[in-house]
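Coordinates in review
For reference, the chains in residue letters:
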Amino acid sequence: MLLLTPGPTPVPEAIRVAMSTPTIHHRTPEFEAIFAETRGYLKKLFDMEEVLMLASSGTGAMEACVLNLCHSKALVVNSGKFGERFGKICEAYGKDFVEIKNEWNTPVDVEILLDMVRKDEQIDAIFVQVCESAGGLRHPVEEIAKRVKALRPSVMVVADGITAVGVEKVDATYLDALISGSQKALMLPPGLALLGLNKAALEMIENKGVGYYFNLKIELKNQRKNTTAWTAATTLVIGLKAMLELLEVDGLDKFYSDTKKRALATNEALKAIGFHIYPKVPALAMSAVLDDDAAKIRKILKSKYGVNIAGGQDHIKETLFRINHMGLIEVYETAWTLNAIEMAMSELGRRTYDGTANRVFTQEFYK
Ligand SMILES: *Cc1c(COP(=O)(O)O)cnc(C)c1O
């Protein structure tokens with residue numbers, strides 16, 4: 001079965017092989033050397049001052065940022081399940097927060113956000129997704145960061161880039177923290193959270209470490225010495241190093257441009273066979289389509305054509321389908337998926353099959 005869901009993504013064979021070596025102890029020069037090299041690659045990937053690797057799924061890094069980078073009141077951007085999660089973390093810790101809530105296809109309005117920051121001196125941190133995976137939309141994170149810093153530089157801007165890091169070059173110049181995870185664009189098994197940090201966030205963490213497992217002050221101190229506070233996710237770190245080495249071969253620019261071409265060509269192909277792209281500003285990580293037959297189409301794809309694409313969540317669980325573009329994906333894999341979707345439409349009596357999806361995708365990709 002072709003796994004084309006926006007996380008988890010398939011683990012390439014070279015990475016599976018790299019992770020099949022005998023377990024090594026984490027407090028050894030051998031592992032520290034691997035850790036150091038991985039840190040070097042990650043600093044390049046994030047293009048930020050410092051990076052941390054945490055043994056948790058992506059949500060662990062979200063929680064760590066809420067704990068360590070917000071000490072007064074959070075402003076949370078909620079255009080979907082993952083934005084909502086930042087608010088839930090605040091709630092769990094009894095942290096004061098306000099939320100900008102929008103429909104899942106709608107990016108946050110920068111002016112509204114700035115206005116809220118302007119009017120509320122208590123707000124000391126902003127939490128926003130780069131790509132909100134619930135509806136596949138792209139928030140204007142770079143603009144938010146730049147303008148918030150111009151307005152009140154002390155406000156921490158934390159971006160959840162779990163479906164953006166490794167998809168596109170996220171400009172982290174004005175960001176304080178950028179979160180990622182192992183099981184999306186980096187094509188590893190779940191279980192490793194990644195965090196890029198810039199100067200202001202580092203200063204805040206060094207002045208005030210909060211929490212226990214997710215106390216970033218303790219992590220920072222250890223990881224700067226190429227070790228971890230708690231037992232490192234050694235196998236995943238070994239896999240991550242192998243993956244980042246693999247990406248070095250053709251370079252990150254090629255990785256990003258292939259992803260972008262696949263995403264844009266897919267959206268054109270879907271529109272050409274009559275679908276509506278759900279997000280008002282689509283991210284490149286996935287293509288999301290709102291359609292009454294979404295659940296039926298997914299079922300046909302799974303049972304007949306060997307393709308697993310994702311549905312939606314909550315109120316659009318049955319009416320959304322999402323095709324992943326993150327990671328190393330062969331052109332023919334996406335082409336086949338689109339072809340299968342067109343076949344499914346024909347089976348549902350919606351459209352006579354004529355190969356349009358495949359043709360438009362291929363032409364757009366190679367143009
Ligand atoms: C997948 C994802 C997460 C992390 O979820 P985990 O299950 O904890 O790894 C967070 N934010 C976004 C935008 C995601 O797509």
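Given the structure is predicted, the values throughout are model-derived calculations rather than measurements.

The next thing to look at is the pairing of strand β10 (residues 193–197). Looking along a regular strand, one sees side chains alternate from face to face of the sheet. Burial within β10 is extensive, with five of its five residues counted as buried. Of the two faces of β10, the one holding Ala 193, Leu 195 and Leu 197 and the one holding Leu 194 and Gly 196 are both buried throughout. Sheet analysis places strand β2 (residues 50–54) next to β10, joined by five bridges and oriented antiparallel. Residue Glu 50 lies in a different strand from β10, and its bridge partner there is Leu 197. In this sheet, β10 lies alongside strand β9 (residues 177–181) in antiparallel orientation, the contact comprising five bridges. Each bridged residue has a counterpart across the sheet, and for Ser 180 the counterpart in β10 is Leu 194.

Glancing now at the site of the ligand. Taken together, 14 residues form the shell around the ligand, and within it Ser 57, Thr 59, Ser 133, Asp 160 and Lys 184 come nearest. A distance of 2.4 Å is found between an oxygen atom of the ligand and a side-chain nitrogen or oxygen belonging to Thr 59. Ser 133 places a side-chain nitrogen or oxygen 2.5 Å from an oxygen atom of the ligand. Burial of the ligand by the protein chains amounts to 88% of its free accessible area of 380 Å². Of all the cavities here, the one that holds the ligand is the second largest pocket. For the shell around the ligand, the secondary structure elements donating two or more residues are α3 (58–69) and α4 (81–92). Per-element tally for the shell around the ligand: the top contributor is α3, with three residues. When grouped by side-chain class, the residues that make up the shell around the ligand number four nonpolar, seven polar and three charged.

Counted at 1.5 Å a residue, the expected span for helix α2 (residues 29–46) with its 18 residues is 26 Å, and the 25 Å between its end C-alpha atoms agrees. All of the buried residues in α2 are Phe 31, Ile 34, Phe 35, Thr 38, Arg 39, Tyr 41, Leu 42, Leu 45 and Phe 46. Looking at the buried positions of α2, the neighbouring elements they touch are β2, β9, β10, α8 (216–223), α9 (234–250) and α10 (252–272). Asp 47 lies just past α2 and shows a positive phi near 55°.

Further remarks concern the packing of aromatic side chains. To describe a pair of aromatic rings, you give the distance between the ring centres and the angle between the ring planes. One pass over the full model with this rule turns up 10 aromatic pairs. Considering the side-chain rings of Tyr 213 and Phe 214, the 5.0 Å spacing of their centres and the 80° angle between planes classify their relative orientation as edge-to-face. Here Phe 214 falls in the buried class, since its relative accessible area comes to 13%. Between Tyr 213 and Trp 230 the ring centres are 6.3 Å apart and the planes differ by 15°, which places this aromatic pair in the stacked class. You can see Tyr 213 sitting in the loop between α7 (199–207) and α8 and its partner Trp 230 sitting in the loop between α8 and α9, a full 17 residues away along the chain. Relative accessible area serves as the criterion here: at 24%, Trp 230 is assigned to the partly exposed category. Among the aromatic side chains, those forming a connected cluster through ring pairs are Tyr 212, Tyr 213, Phe 214 and Trp 230.

Thresholds, definitions, all that
- The numbering scheme is per chain: residues are counted from 1 as the chain's sequence reads.
- Where local features are concerned, this predicted model is filtered to residues with pLDDT of at least 70; where side-chain atom pairs are given and counted, the filter is 80 or more; whole-chain, interface and lining totals use all residues.
- Here the side-chain values reflect all heavy atoms present in the structure, with hydrogen atoms and water set aside.
- Only protein chains enter the accessibility calculation, which uses a 1.4 Å probe; a residue whose area is less than 20% of its type maximum is buried, one above 50% is exposed, and one in between is partly exposed.
- Strands here mean DSSP runs of E at least two residues long; helices mean DSSP runs of H or I at least four residues long; both are numbered from the N terminus.
- In this description, strands pair whenever DSSP reports at least two bridges between them.
- A single heavy atom is enough: if one lies within 4 Å of a molecule or strand, its residue is considered near that molecule or strand.
- Polar contact is defined as a pair of N or O atoms within 3.5 Å, subject to the rule that within protein one atom must be able to donate a hydrogen and the other to accept it, and that residues adjacent in sequence are counted only when both atoms are side-chain atoms.
- For accessible areas, the Shrake-Rupley method is used with a probe of radius 1.4 Å. Any residue's cover is judged against the shown protein chains and nothing else.
- In the cavity and pocket records, a cavity denotes points on a 1 Å grid over the protein atoms alone where a 1.4 Å probe fits but cannot get out, a pocket denotes an open set with protein on both sides within 12 Å along at least 5 of 7 lines, and lining residues are residues with an atom within 4 Å of a point.
- Whether a molecule lies in a cavity or pocket depends on its atoms, and more than half of them have to be within 2 Å of the grid points.
- Any residue that is not Ala, Val, Leu, Ile, Met, Phe, Trp, Tyr, Cys, Pro, Asp, Glu, Lys or Arg is counted as polar, Gly included; the first ten are nonpolar and the last four charged.
- Expected span of a helix: the number of residues minus one, times 1.5 Å.
- Contacts are residue-level and defined by heavy atoms, with any inter-residue pair within 4.5 Å sufficient.
- Here the aromatic set is Phe, Tyr and Trp, taking the six-membered ring for Trp, and pairing holds for ring centres within 6.5 Å; pairs whose planes are under 30 degrees apart are stacked, those over 60 apart are edge-to-face, and all others are tilted.

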